[in-house]
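Residue-level structural notes
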Amino acid sequence: MDNRAEVRQFLSTRRGRITPEQAGIEPYGGRRRVPGLRREEVARLAGVSVDYYTRLERGNLAGVSDSVLDAIAGALELDRAEHDHLYDLARTANMSGRKRASAPVPASVRPELRYLLDTITGAPAFIGNNRMDIVAANTLGYALYSDMYRGPARPANHSRFIFLDPRAHNFYTDWERAASANVAILRREAGRNPHDKGVAELIGELSMRSDEFRTRWAAHNVRRHYSGTKFFQHPVVGLLELNYQVLGLEEDPGHSLTVYPATPGSPSEEALKLLASWAVTENIAELAQANARG
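The shown structure was predicted, so the numbers you read here are calculated from the model rather than taken from an experiment.

As for the pattern of salt bridges
Tallied over the entire structure, the rule returns 20 salt bridges. Between glutamate 82 and arginine 17 there is a salt bridge, and its shortest N-O distance comes to 2.7 Å. Here glutamate 82 is found in helix H6 (residues 80-93), whereas its partner arginine 17 is found in the loop between helix H1 (3-16) and helix H2 (20-23), with 65 residues between them in sequence. What makes arginine 17 partly exposed here is its relative accessible area of 36%. Two residues, arginine 167 and aspartate 165, come together in a salt bridge whose shortest N-O distance is 3.1 Å.

Observations regarding the UniProt feature "domain: HTH cro/C1-type" (unreviewed entry) in the chain
Per the UniProt record, "domain: HTH cro/C1-type" (unreviewed entry) is annotated on residues 36-83. Helix makes up 62% of residues 36-83 and strand 0%. Its end C-alpha atoms lie 19 Å apart.

Section: helix H5 (residues 66-75)
Since there are 3.6 residues in each turn of an α-helix, residues three or four apart along the chain are aligned in direction. Taken together, the buried positions of H5 are occupied by Val68, Leu69, Ile72, Ala73 and Ala75. Down the axis, H5 shows its buried residues gathered within 165 degrees of arc, on one side only. At its buried positions, H5 is contacted by H1, helix H3 (39-46), helix H4 (50-57) and H6. Just past H5, the residue glutamate 77 takes up positive phi, approximately 55 degrees.

Side note on the pairing of strand E2 (residues 134-137)
Pairing geometry for strand E1 (residues 125-129) and E2, over 3 bridges, is antiparallel. Opposite phenylalanine 126, over in E2, you have alanine 137 as the bridge partner. Here E1 folds back onto E2, and the loop between the two strands holds 4 residues, one of which, methionine 132, carries a positive phi near 70 degrees.

As for H6
Along its 14 residues, H6 runs 20 Å from first to last C-alpha, staying within 8% of the 20 Å computed at 1.5 Å per residue. Along H6, the positions that sit buried rather than exposed are Ala81, Glu82, His85, Leu86, Asp88, Leu89, Ala90 and Thr92. Tucked inside the fold, the buried residues of H6 contact H1, H5 and helix H11 (175-192). At the N-terminal end of H6, a side-chain oxygen is found 3.2 Å from the backbone nitrogen of alanine 81, two or three residues along, and the residue is aspartate 79.

Observations concerning the sheet that holds E2
Within the open sheet, the 5 strands sit side by side as E2-E1-E5-E4-E3. Their pairing is antiparallel. Looking along the sheet, the strands with just one partner apiece sit at the ends: E2 and strand E3 (227-234). Sheet twist, expressed as the mean angle between neighbouring strand axes with direction ignored, is 30 degrees. Taken together, the 8 bridges between E3 and strand E4 (residues 238-248) define a ladder with antiparallel strand orientation. By the bridge assignment for E4, histidine 234 is matched with glycine 238. Of the strands in this sheet, E3 and E4 touch helix H14 (residues 267-281), which is tilted by about 85 degrees from E4.

Things to note about the packing of aromatic side chains
Considering all chains together, one arrives at 16 aromatic pairs under this definition. Residues tyrosine 145 and phenylalanine 171 carry aromatic rings whose centres are separated by 5.8 Å and whose planes lie at 55 degrees to one another, so their mutual orientation is tilted. You can see tyrosine 145 sitting in the loop between helix H8 (139-144) and helix H9 (158-164) and its partner phenylalanine 171 sitting in helix H10 (residues 168-171), a full 26 residues away along the chain. One exposure class covers both tyrosine 145 and phenylalanine 171, and it is buried. Ring geometry for phenylalanine 171 versus tyrosine 172: centroids 5.0 Å apart, planes at 80 degrees, classification edge-to-face. Accessibility classification places phenylalanine 171 together with tyrosine 172 in one group, the buried group. Taken together, the aromatic side chains of Phe126, Tyr145, Phe161, Phe171, Tyr172, Phe232, Tyr244 and Tyr260 make up a single cluster linked through ring pairs.

A few points about the nonpolar core
Counting 47 residues, the largest nonpolar core has Tyr145, Tyr172 and Phe232 as the members making the most contacts within it. Of the residues forming this core, the biggest block, 7 residues, is contributed by H11. Excluding residues that lie within four positions of it along the chain, phenylalanine 232 makes contacts with Leu144, Tyr145, Phe171, Tyr172, Thr173, Gly238, Leu239, Leu240, Leu242 and Tyr260. Ala46, Tyr53, Leu69 and Leu78 belong to the second-largest nonpolar core, a separate cluster that totals 25 residues.

Structural notes on the pairing of strand E5 (residues 255-259)
Most of E5 is tucked away, with 4 of its 5 residues classed as buried. When E1 meets E5, the two strands line up antiparallel, connected through 5 bridges. Paired with alanine 125 across the two strands is valine 259, which belongs to E5. Relative to E5, E4 runs antiparallel, the two being bridged by 4 bridges. The residue bridging glycine 248 from the neighbouring strand is serine 256, located in E5. Count of turn residues in the E4/E5 antiparallel hairpin: 6 residues, of which glycine 254 carries a positive phi of about 85 degrees.

Cut-offs applied
- The numbers attached to residues start from 1 for each chain and follow its sequence in the written order.
- Whole-chain, interface and lining totals are the exception, using all residues; otherwise, since this is a predicted model, local features are given only for residues with pLDDT of at least 70 and side-chain atom pairs are given and counted only at 80 or more.
- With hydrogens and water set aside, each side-chain value is computed from the structure's full complement of heavy atoms.
- We count a salt bridge whenever a side-chain nitrogen from Lys or Arg sits within 4 Å of a carboxyl oxygen from Asp or Glu.
- A run of H or I in DSSP counts as a helix once it spans at least four residues, and a run of E counts as a strand once it spans at least two, with each numbered from the N terminus.
- Summary of the burial criterion: residues with accessible area below 20% of their type's maximum are buried, those above 50% are exposed, and those between are partly exposed, where the area comes from a 1.4 Å probe applied to protein chains only.
- UniProt positions are given in the numbering used here, feature names are shortened, and annotations may be inferred rather than shown by experiment.
- This arc is built from the directions going out from the helix axis to the C-beta atoms.
- Contacts are assigned to residue pairs with any non-hydrogen atoms lying within 4.5 Å of each other.
- What makes two strands pair is DSSP finding at least two bridges between them.
- Expected span of a helix: the number of residues minus one, times 1.5 Å.
- The definition of a polar contact used here is a pair of N or O atoms within 3.5 Å, where within protein one atom must be able to donate a hydrogen and the other to accept one, and adjacent residues in sequence count solely through side-chain atom pairs.
- With axes taken as lines fitted to C-alpha atoms, and helix axes fitted only over the stretch in contact, angles between N-to-C directions fall between 0 and 180 degrees.
- Between 30 and 60 degrees the pair is tilted, below 30 it is stacked and above 60 it is edge-to-face, where a pair is any two Phe, Tyr or Trp rings, Trp via its six-membered ring, whose centres lie within 6.5 Å.
- By convention a nonpolar core is built from buried Ala, Val, Leu, Ile, Met, Phe, Trp, Tyr and Cys residues, the set being connected through side-chain atoms within 4.5 Å.

Spelled out as structure tokens, the structure:
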């Protein structure tokens, strides 16, 4: 990833979405060619010179202090994910001239993590990596994403499923939201690990094969992804409303554990019980693992 281009486009898109009225400042300078803030207005809000902010927006974050980054983030009204992304871009800019290749993320997980997944029996659970792959799952996890394992792509990958598999449009009740969230999460990961070959190859593949992905990627949105609610239209049990929690695995860099519990007593909890019965009857876990190896 070209750090200077990334910084330039990220800051300019954030600046372009805020009007002077939203920022609480009086517009000046006659007719405006763009709806967003001008560079001099961002500089004034952040308390830095116009020349200095212009240098930053042109992609040069080398040597910038945390206090200036915080001031820019405040002026552009960045949320927490965007604030973290700006810090990631600055960290990359302040590395030495040579690229620091990220250590490759292992394609499998430790047996102890597989045992952990097997102990989770009442909710879908899976371990994913920073390339959006499903590395391992429990039986309900394989069952939830059974459509993903019907496609030819291996390993099973959330991004490829969303943008390259027509079944995803039925599986996600709000495909547009799922697609935008996926790209925003991937964009943040690319900022955190700009020299990760696997992430770069995934982005390149999707940019070539999907107009929907390419359009969203150009928006430079980023997102944190730790908890919330998702809706799925499963082909066997119908609508599922599931809460999710994402936990980073500190001993396994680049991996996280995601668990999808249903609210107790809800229709979705009953649907998960049906899904578990179907998964056992159809040997879904065994089939998914066999297809993944194939």
